[in-house]
Amino acid sequence: MKFSKKEWIVFGIIFLIGIFANIDKSMIGFTANELISEGFTKTQVGNLSSVFYVSFILVTIPGGWLVDRFGYKKFVVFSLTLLTVFSFFFGTVSSLFAILALRFMVGFGHAGYTNGAPKIISDNFEPSQCAKVQSIVIATAGVGGIIASTVGSSIINSNWHNAYFMLACGYFIALVLAIIFLKENKVETTVAAEKQNNGPKVGFFDAWKNKNTLLLAIAVLFSNLVGVALMFWLPNVFSVNFNISDPTMLSTVMVGFYVVMTIATALSGTIITKYFKGKELKFILWTSVLTAICLVVFITAPIYQVAIAALYVSDFTMMIAFSGLFSIIYQLVPRTIIGSSFAVLNIGAFVGGIISPQLVSAFAQENSYFLSFIVLAICMIISGGAAVMVKKPAANE
């Protein structure tokens, strides 16, 4: 990618924020496993993810529209302030009520960044660059997961409270950089886009009226449901189904999982735009189906090596499909509602995040997650089916 100096600065800031945000999302799985060992039930711990995504939705419903109308910097700065403060306090508590309440507040902070990032990308990069930038930013899920599975898990195994003190410091560094370097700086638009921008103001429900946005949101809902389930429950799945309780071995397996995730998300934009141009939605369907097959193979594998191989393949194809859903939207909706459309997709993702831990725990047995993974496989097929129903607009729209 060829960026100007200003574009590299913007890219660096959103990439750094994404890393810290995804360290946070990935560490919570190790924290959950630690809380279960301290006596909390799976249902109680599952609520950590649910309350997080509930607060996400509360901010996102108006967030995308507000970003489109009033700009993104204030949302990112405010969200990083919330993340710094509430991550610090999360590390100071131990009661279930306080843990859930603070995780709920952390969700508000994440939502501000998540709603602001697509608008930052749309306003600071050329349309031809947006899909690739978006896929690399999504790749921070893997980078953050690697750090969470190594440094984060090591700190959590010693004292999980300290991990969140360090995370708060990371958010504070990102906050300072955003205040100093992040500017509202729109790229030159095409004549058509200029006419569009000079037209009526963005309506609150414009994105919700867009059929493509709604179908993609459904696809994202079921895809993210599976992704959240894997990130949140895998440490416990390995313990229950595969008798892996050694922290070092578990960390190694999870690092591999996040390395694959990073590679998949980083390559997604290039793979889809270069090799499957015009066939993106069918490609997302088949990668979703392959993910479903591999999830079943993983949970039923007779030997450990086959299970790990199936897990990593499912991880790769799942993240290719998920990243593709977020990358292709730049081709499907007007740029004037890009922030609002991403908000709708994010709401779909967050609903999936809310449902995910409860769905898995509802079908989990005391000594097996078999039924849970069958349900997750079905969810991936539904995701791919929704994506392939999307219709691309005519070239002149």
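Residues numbered from 1 in each chain as written. Predicted model: local features only at pLDDT ≥ 70, side-chain atom pairs only at ≥ 80, totals over all residues. Heavy atoms only, no water.

J.: Whenever I open this one, the overall build of the protein chain confuses me. Can you help?
T.: Helix and strand counts for the protein chain come out as 13 helices and zero strands. Along the protein chain, from the amino end to the carboxyl end, the secondary structure elements read α-α-α-α-α-α-α-α-α-α-α-α-α. Seen along its three principal axes, the alpha-carbon backbone of the protein chain occupies a region of about 60 × 40 × 35 Å. Across the 397 residues of the protein chain, 58% fall into the buried class. A total accessible area of about 16100 Å² is found for the protein chain, and carbon and sulfur atoms account for 68% of it. (Helix = DSSP H or I, 4+ residues; strand = E, 2+ residues; numbered from the N terminus. Buried < 20%, exposed > 50% of the residue type's maximum accessible area, 1.4 Å probe, protein only. Areas by Shrake-Rupley, 256 points an atom, 1.4 Å probe, with all protein chains shown as cover.)

J.: Any chance you could explain the side chain of threonine 213 here in plain terms?
T.: The topology assignment puts threonine 213 in helix α8 (residues 211-241). If we skip the residues at most four places from it in the chain, threonine 213 touches Ala207, Val333, Ser341, Val344 and Leu345. (Contact = heavy atoms within 4.5 Å.)

J.: For this particular structure, what's the right way to read the packing of aromatic side chains?
T.: The geometry of an aromatic ring pair is captured by two quantities: the separation of the ring centres and the angle between the planes. Under the defined criterion, the tally for this structure stands at twelve aromatic pairs. Plain terms: the ring middles of phenylalanine 238 and phenylalanine 298 are 6.0 Å apart, the flat faces sit at 75° to each other, and that makes the pair edge-to-face. Linking phenylalanine 238 in helix α8 with phenylalanine 298 in helix α10 (residues 280-300), this pair joins segments that are 60 residues apart in sequence. This pair shows no difference in class: phenylalanine 238 is buried, exactly as phenylalanine 298 is. Taken together, the aromatic side chains of Trp8, Phe11 and Phe15 make up a single cluster linked through ring pairs. (Phe/Tyr/Trp six-rings, centres within 6.5 Å; stacked < 30°, edge-to-face > 60°.)

J.: Hey, could you run me through the pattern of salt bridges in this one?
T.: Two side chains bearing opposite charge may form a pair once their charged atoms approach each other closely. Enumeration over the complete set of coordinates arrives at one salt bridge. Across the pair arginine 103 and aspartate 24 runs a salt bridge whose closest N-O atoms are separated by 2.8 Å. Of the two residues, arginine 103 is situated in helix α4 (residues 96-124) and aspartate 24 in helix α1 (residues 5-37); the sequence distance between them amounts to 79 residues. The exposure class of aspartate 24 is buried, given its relative accessible area of 0%. (Salt bridge = Lys/Arg side-chain N within 4 Å of Asp/Glu carboxyl O.)

J.: For this particular structure, what's the right way to read the packing of helix α6 (residues 140-181) against helix α9 (residues 247-275)?
T.: The geometry of a pair of packed helices is captured by two quantities: the angle between their axes and the separation between those axes. At their nearest, the axes of α6 and α9 sit 6 Å apart, and the two run at 165° to each other. What the angle tells us is that α6 and α9 run roughly antiparallel. As for the relative orientation of α6 and α9, their crossing is right-handed in sense. Of the residues in α9, those in contact with Ala141, Gly142, Val143, Gly145, Ile146, Ser149, Thr150, Ser153 and Asn157 of α6 are Pro247, Ser251, Met254, Val255, Tyr258, Val259, Met261 and Thr262. Residues of the contact of α6 with α9, tallied by class, amount to nine nonpolar, eight polar and no charged. (Axes fitted to C-alpha atoms, helices over the stretch in contact; angles between N-to-C directions. Parallel < 35°, antiparallel > 145°, perpendicular 65-115°, else oblique. Left-handed = near helix turned anticlockwise from the far one by under 90°. Nonpolar A, V, L, I, M, F, W, Y, C, P; charged D, E, K, R; others polar.)

J.: Got a minute to help me understand α8 in this structure?
T.: Since the α-helix advances by 3.6 residues per turn, residues separated by three or four positions end up pointing in the same direction. Where α8 bends most, the angle comes to about 60°, and this point is tryptophan 233, followed within four residues by the proline proline 235. Of all 31 residues in α8, 24 are buried; the element is thus mostly enclosed. With its phi angle positive at about 55°, asparagine 243 sits one or two positions after the end of α8. (Bend = angle between axes of the 7 residues up to and from the residue.)

J.: When you look at the confidence of the model for the protein chain in this model, what are you seeing that I'm missing?
T.: Do not read the fine detail of predicted coordinates wherever pLDDT is low. Residue-level pLDDT values for the protein chain average 82, and 90% of them are 70 or greater. By mean pLDDT, helix α7 (residues 191-197) is the weakest element of the protein chain at 44, and helix α13 (residues 370-388) is the strongest at 93. Every residue in residues 187-197 scores below 50 in pLDDT, and together they form 13 contacts with partners more than four places removed in sequence or on other chains. (pLDDT = per-residue confidence, 0-100.)

J.: Please explain the state of the cysteines as it appears in this structure.
T.: Such a bond, covalent and formed between the sulfur atoms of two cysteines, is termed a disulfide. Applying the stated criterion across every chain, the model contains zero disulfides. Between cysteine 294, a free cysteine, and cysteine 379, which holds the nearest cysteine sulfur, the sulfur-to-sulfur gap is 16 Å. (Disulfide = S-S within 2.5 Å.)

J.: How do you make sense of the nonpolar core when you look at a structure like this?
T.: Taken as a class, soluble globular proteins show a tendency for nonpolar side chains to be buried jointly. Among the nonpolar cores identified, the biggest contains 130 residues, and Leu80, Phe238, Phe257, Phe298 and Phe373 are the most heavily contacted of them. When residues in this core are grouped by element, the largest group, 16 residues, is from α8. Ignoring any residue separated from it by four or fewer positions in sequence, one finds phenylalanine 238 in contact with Asn243, Ile244, Leu250, Val253, Met254, Phe298, Ile308 and Leu311. (Core = buried A, V, L, I, M, F, W, Y, C linked by side-chain atoms within 4.5 Å.)

J.: Is there a simple way to think about a nonpolar patch on the surface in this case?
T.: Side chains of Ile9, Phe172, Val176, Ile179, Ile180 and Phe181 sit close together on the surface and give an oily, nonpolar patch of about 500 Å² of accessible area. A total of five residues in the nonpolar patch trace back to one element, the largest contributor, which is α6. Within the secondary structure, valine 176 is located in helix α6. On the basis of relative accessibility, which here comes to 33%, the residue valine 176 falls in the partly exposed class. (Patch = residues over 30% accessible without salt bridge, like charges linked within 9 Å, V, L, I, M, F, W, Y side chains within 5 Å.)

J.: Whenever I open this one, the environment of leucine 230 confuses me. Can you help?
T.: Mapped onto the elements of the fold, leucine 230 is located in helix α8. Filtering out sequence-adjacent residues up to four positions away, leucine 230 remains in contact with Phe257, Leu295, Met318 and Phe373.

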